[in-house]
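# Examination of the molecular architecture
Single-letter residue listing:
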Amino acid sequence: MQPYIDEARKAISNPVLQTALANLQDRLGKGAAAAYQNLPEGPDLRLKAHDLRMQAINNLDVLLETLAGQVQKNGGKVIFADDAAVAVAACRKIARKHGVRRVVKGKSMVTEEIGLNPALAADGIEVTETDLGEYIIQLAEEHPSHIIAPAIHKTRSEIGTLFAQKLGIPYCNDPPTLTREARKALREKFLAADMGITGCNLACAETGHIAILSNEGNIRMATTLPGVHVAIMGMERVAATLTDHDVLLRLLSRGAAGQNMAGYVSHISGPRQTDHQDGPDHFYLIILDNGRSRILADERFREILCCIRCGACLNVCPVYAKIGGHAYGSTYSGPVGAVVSPLLSGVGRFRDLVLGETLCGACKDACPVNIDIPRMLLELRSMLADGDGYWQVRRNSFLEKSVWMFWSWMMQKRARYEIGAGLMKRIFP
Amino acid sequence: MEKDAAINRDPVIATLLYGRPITLFVQCLIDSLYPEVKDAVEIIFRRLALDTVCPPDQTCCGQPAFNAGYRKEARSAAARFIDIFGESETIVCPSGSCVNMVRHHYPLLFENDPIYYPKAISLGRRIFELTEFLVDVLHVEDIGAAFLGKVTYHDSCHLLRGLSVRSQPRRLIQSVKGATLVEMKDSDRCCGFGGSFFLKYPDISAAMAAGKVRAVIGSGADVVVGCDMGCLMQIQKHLIRIGSGIKTLHIAQLLAMAG
C-alpha cells in the first residue's frame, strides 16, 4: 500500500481539485506575501516573531503554569492532558457532569487530532461543526483537507447536492443561498446547544486568556450561548506577554488569509462574571501534550513547536498544490504536516511525507514565524536513512544504504566517478 | 529573505588582483551529461580575460546523499571536496544548488569536526554561483553576448532561497544584445525536479513540471534560461513531452553566445 502516492495520483487526475488548489494558492499564498510587506514593522517582524516563539517554547513549563494559574484565578478549570485519550475522556466527563446533549464546535484541528467528534457521538451527544467549511465536511462525513480551508476540495455544486440531501432544501449552487441555508440551520443548533467546544489560536500567559480568530462570527456564538465552554489547545500555543500575543495574532492573520486581522477575535479568560452580560457559566481549558513533550525534548525538532497553524505553508507549497490535503493521510497536511505528522504519529508510518517533498523552501519564506521546515525535513530524512533510537525509527532498507555506500565509494576516485557518469549518460541520453 | 552574509570578498579580490586563476567546480550533472555548459563557462571567463583552472580530481559535492538523508556518505564526498578545493582562493560553480550545499550545509555536516568545520566555513565564503560571481563580485553584467529572441527565466529554488540570487541572472539576461526578458507566471515555483524526488514520486514531479511548462509557454518566450541543470533537464523533458519547440539553456550557454 502506498497511500501517499495513490491519493496524490487521484488528486492530480481531478481537474476540479487542481483548479481549486491553484486558486487557493494564487489568492491566499500571494495574499500572505503581500501582507508581510505591509507590516508596519516591516517583513522582518517574522524573524522577531520566530525568536519570540522560540523563547516561549524554551520556557513552556513556566508559561503554562502561569497561564493555568491565571485561568483558575478567573474561575476557569484547567486540565493537562498527556495524550488524546486523556483529553477525550476529560471532555466526555465534563459533558456528563453538565448533562450535555448538544455540542456546537468551533473549527479546531486539535480536536481532529484527538478524534473528539466520534467519541462524543458514541455517547449519544449531537456534535455540530459551526465553521461553514467544517460544517460542509461534517455533512459529507469527510476530513478537512486544509488547516484553515477545510472544504477547499469541494465544488459549490457538490455542496449544493450535499445540502439538498442533508438539509432537505431544493438544489442550488449559488454560494450566498447555500451560506444562508447553512446559517439558518446553524442558528438553531447554536440556540439549542448546551456546550461549546473550540480550539485556541493562541493563549497569553501574562493575562491568562485565550484568543480564537474567525471570519464567520461562529466562535462568538459557540463560546457565549451554551452554558459550558471547553477550549482545547496544543500545549505549545502560548505567548508570554500581551505584546508578544499581539505580534503573533497579527502575523497569524496575515499568514492565514492575508488579512491585517481576522474578522472576529474572541478573547476569553474564564466563565461569565457577575457583571458580565453574557458568557458561559463554566469554562474549561484542556492543554494537550499528545507527543509534544517528546518533540520539545529534541533540539533538532523543537522549532516545529513554534508553528501557530495558520496554513500559510500549504498555500505556497508546490507539492500541496498538486496533491491536496488528503494525500498526506493525517490531520496536518502540507509542509508543516510533513514534519509534525511523523513526529506526532510515527516517522516510519509517515515516511512518504518526509521524502515526498522537493526541499524548495517556499514554506519557510511563507511562514509568519519563519520556521525552517526544509531543515527539519532533512533531519527526518537522516533519521530514516540511519535509524533513530529516540524516535524508534528503523532505517530504510539495507539495500538503500548499500546503494549510498557504493555511491560514496564511487565518488572517492575520479576514475570511478567517470564510470558512474558514463552510466548516467546511458540512463539519460 | 535574509541576505547572504557569508560571502567574504578578500581572498577573491586577491585572486583578481594578482591575476591568479579562478577555480571551476563543475557540477556532476554538467560534467556527465552537459559538458557544453562547462565549455560555455570557460568561454565566458576567456572573454573576461580571466584564467580558469579545473581540478581534474573533482567529483561530487555530496548533495544527492545529503538530501536523501545519508549524511555519513555525504560527509565523505564533502571531505574530499574540501581536500580538493580547500586551497583554491576563489571557486566558481555553474549551479546554485551545489554552492548552497557547500556554503550552508557543509557547516552542518562538519559541526562536530574540529578540522573540517573551519575549512567548511572558509570554503563557503570563497565559492560562488556563476551569476552571483559575475554580478556581485566582478560587477559585470554585459559580457558581449548576443541572442535574438524572447527569454524567460526560471528561478531555481536553492539559488533563490538558499543564496538569495534573484536579480543577478535577470540583469545578465537583460544585457544580452537582442534578448528580451519576459517573465513567466510564478517563475520562483519549484519545477518538481528535486533530485531523487522525480524518480521516487514521478507522478507528483510530472504534475509540478506540467505547471511549470504551462507557465513557460504562457510567457511567450523562445527559450527558458536557468542556472541549474537539474531544473532545466526536468523542464526540457516536459516541454518535449507536450511537443513544444521551446528550448532550455543554461545561463552560461546564453552568455557564451557570440555577437
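Residues numbered from 1 in each chain as written. Chains lettered and ligands numbered in written order. Predicted model: local features only at pLDDT ≥ 70, side-chain atom pairs only at ≥ 80, totals over all residues.

### Quick look at the overall build of chain A
Within chain A, the regular secondary structure consists of 20 helices and 10 strands. For chain A, whose C-alpha radius of gyration is 23 Å, the value lies close to the compact-globule estimate of 22 Å for 429 residues. Projecting the C-alpha coordinates of chain A onto the three principal axes gives extents of approximately 85 × 55 × 45 Å. Taking all 429 residues of chain A together, the buried fraction comes to 52%. Considering only contacts within chain A whose residues lie at least 6 apart along the sequence, 74% involve residues at least 24 apart. (Helix = DSSP H or I, 4+ residues; strand = E, 2+ residues; numbered from the N terminus. Rg over C-alpha atoms; globule rule 2.2 N^0.38 Å. Buried ≥ 20, exposed ≤ 12 C-beta atoms within 10 Å, placed from the backbone. Contact = placed C-beta atoms within 7 Å.)

### Side note on the overall build of chain B
What chain B contains, in helices and strands, is 14 helices and eight strands. Computed over C-alpha atoms, the radius of gyration of chain B comes to 18 Å, within 12% of the 18 Å expected from 2.2 N^0.38 for 259 residues, which places it in the range of a compact globule. Along the longest, intermediate and shortest principal axes, the C-alpha atoms of chain B span 50 × 45 × 35 Å. By the burial criterion, 55% of the 259 residues in chain B qualify as buried. The contacts of chain B with a sequence gap of at least 6 include a subset with a gap of at least 24, amounting to 78%.

### Quick notes on the sheet that holds strand E6 (residues 209-214) of chain A
Residue and element names in this part refer to chain A. The mixed open sheet is built from four strands, whose spatial order is E8-E5-E6-E9. Edge positions in the open sheet fall to strand E8 (238-239) and strand E9 (264-268), since each of these has one partner strand only. Here strand E5 (residues 202-204) runs beside E6; their pairing, made up of three bridges, is antiparallel. Residue pairing for E6: Leu202 is matched across the bridge by Ala211. (Pairing = 2+ DSSP bridges.)

### Things to note about the interface of chain A and chain B
The partner chain B presents 32 residues to the 31 residues of chain A that form the contact. For the side of chain A that touches chain B, the secondary structure elements donating two or more residues are helix H1 (3-12), helix H14 (320-323), helix H18 (373-386), helix H19 (398-410) and helix H20 (414-427) of chain A. No other element matches H20 of chain A, which puts five residues into the side of chain A that touches chain B.

### Observations concerning the environment of Tyr135 of chain A
All names here are of chain A. Locating Tyr135 in the fold gives a position in helix H8 (residues 132-139). In this structure the C-alpha to C-alpha distance between Tyr135 and Gly106, which are 29 residues apart in sequence, comes to 9.9 Å. Contact partners of Tyr135, with chain neighbours within four places excluded, come to Glu129, Thr130, Ala182 and Leu186.

### Thoughts on the sheet that holds strand E2 (residues 52-53) of chain B
Reading across from one edge, E2-E1-E3-E4 (chain B) is the order of the four strands in this open sheet, with parallel pairing throughout. Unpaired on one side and paired on the other, E2 and strand E4 (127-129) of chain B mark the two borders of the sheet.

### Some thoughts on helix H10 (residues 175-192) of chain A
The end-to-end C-alpha separation of H10 of chain A is 26 Å, in line with the 26 Å expected for 18 residues at 1.5 Å each. Taken together, the buried residues of H10 of chain A touch strand E2 (102-105), strand E3 (126-129), H8 and helix H9 (156-167) of chain A. (Expected span 1.5 Å × (residues − 1).)

### A look at the environment of Gln58 of chain B
Residues and elements named next belong to chain B. When you line up the elements, Gln58 lands in the loop between E2 and helix H4 (63-68). Residue classification places Gln58 among the buried positions, given that 20 C-beta atoms sit within 10 Å. With 32 residues separating them in the primary sequence, Gln58 and Val26 have C-alpha atoms 8.0 Å apart. Leaving out residues up to four positions away in the same chain, Gln58 has contacts with Phe25, Val26 and Ile84.

### Side note on the environment of Cys91 of chain A
Residues and elements named next belong to chain A. Here Cys91 shows up in helix H5 (residues 84-97). Here the alpha-carbon distance between Cys91 and Leu116, two residues 25 residues apart in the chain, equals 8.3 Å. Those residues in contact with Cys91 that sit more than four places away from it in its chain are Leu116, Leu120 and Val230.

### Comments concerning the nonpolar core
As a rule of thumb, nonpolar side chains are buried together in soluble globular proteins. The biggest cluster of nonpolar side chains holds 215 residues, and the ones touching the most others in it are Met233, Leu248, Leu288, Ile304, Cys313 and Val339 of chain A together with Leu255 of chain B. In this structure Leu248 of chain A touches Ala49, Leu52, Leu202, Ala239 and Ile308 of chain A, once residues within four positions along its chain are discounted. Listed in part, the 10 residues of the second largest apolar core include Leu132, Ile136, Ala151 and Ala182 of chain A. (Core = buried A, V, L, I, M, F, W, Y, C linked by C-beta atoms within 7 Å.)

### Some points on unusual backbone geometry
Positive phi, normally seen in glycine, also occurs at Gln392 of chain A, with a value near 50°. Mapped onto the elements, Gln392 of chain A comes out in the loop between H18 and H19. A positive phi angle, close to 55°, is found at His139 of chain B, a residue other than glycine. Structurally, His139 of chain B is set in the loop between helix H8 (130-137) and strand E5 (146-153). By the C-beta count within 10 Å, which is 7 here, His139 of chain B ends up exposed.

### As for the pairing of strand E8 (residues 247-250) of chain B
Alignment of strand E7 (residues 223-226) of chain B against E8 of chain B, held across four bridges, turns out to be parallel. Residue pairing in the sheet places Val225 of chain B in a bridge with Leu249 of chain B of E8 of chain B.

### Considerations on the pairing of E6 of chain A
Residues and elements named next belong to chain A. By the criterion of burial, E6 is predominantly enclosed, with six of the six residues buried. By the alternation rule, side chains of E6 split into His209, Ala211 and Leu213 and Ile210, Ile212 and Ser214, which are all buried. The loop that links E5 with its antiparallel partner E6 comprises four residues; one of these, Gly208, has a positive phi angle of about 70°. Bridge analysis of E6 against E9 gives five bridges, and the strand direction is antiparallel. Considered in E9, the bridge of Ser214 is made with Tyr264.

### Section: the packing of H1 of chain A against helix H12 (residues 202-218) of chain B
In the contact formed by H1 of chain A and H12 of chain B, the axes pass within 9 Å of each other and the chain directions differ by 30°. In terms of orientation, H1 of chain A lies roughly parallel with respect to H12 of chain B. Considering only the axes of H1 of chain A and H12 of chain B, their crossing is left-handed. Note on element contacts: H12 of chain B touches H1 of chain A through Asp203, Ile204 and Ala207 of chain B, opposite Ile5, Ala8, Arg9 and Ile12 of chain A. Of the residues belonging to the contact of H1 of chain A with H12 of chain B, the class tally is five nonpolar, no polar and two charged. (Axes fitted to C-alpha atoms, helices over the stretch in contact; angles between N-to-C directions. Parallel < 35°, antiparallel > 145°, perpendicular 65-115°, else oblique. Left-handed = near helix turned anticlockwise from the far one by under 90°. Nonpolar A, V, L, I, M, F, W, Y, C, P; charged D, E, K, R; others polar.)

### Considering the confidence of the model for chain B
Confidence in the prediction for chain B averages 94 pLDDT; 95% of positions are at 70 or higher. Across the assembled chains, the prediction reports ipTM 0.94 with pTM 0.95. (pLDDT = per-residue confidence, 0-100.)

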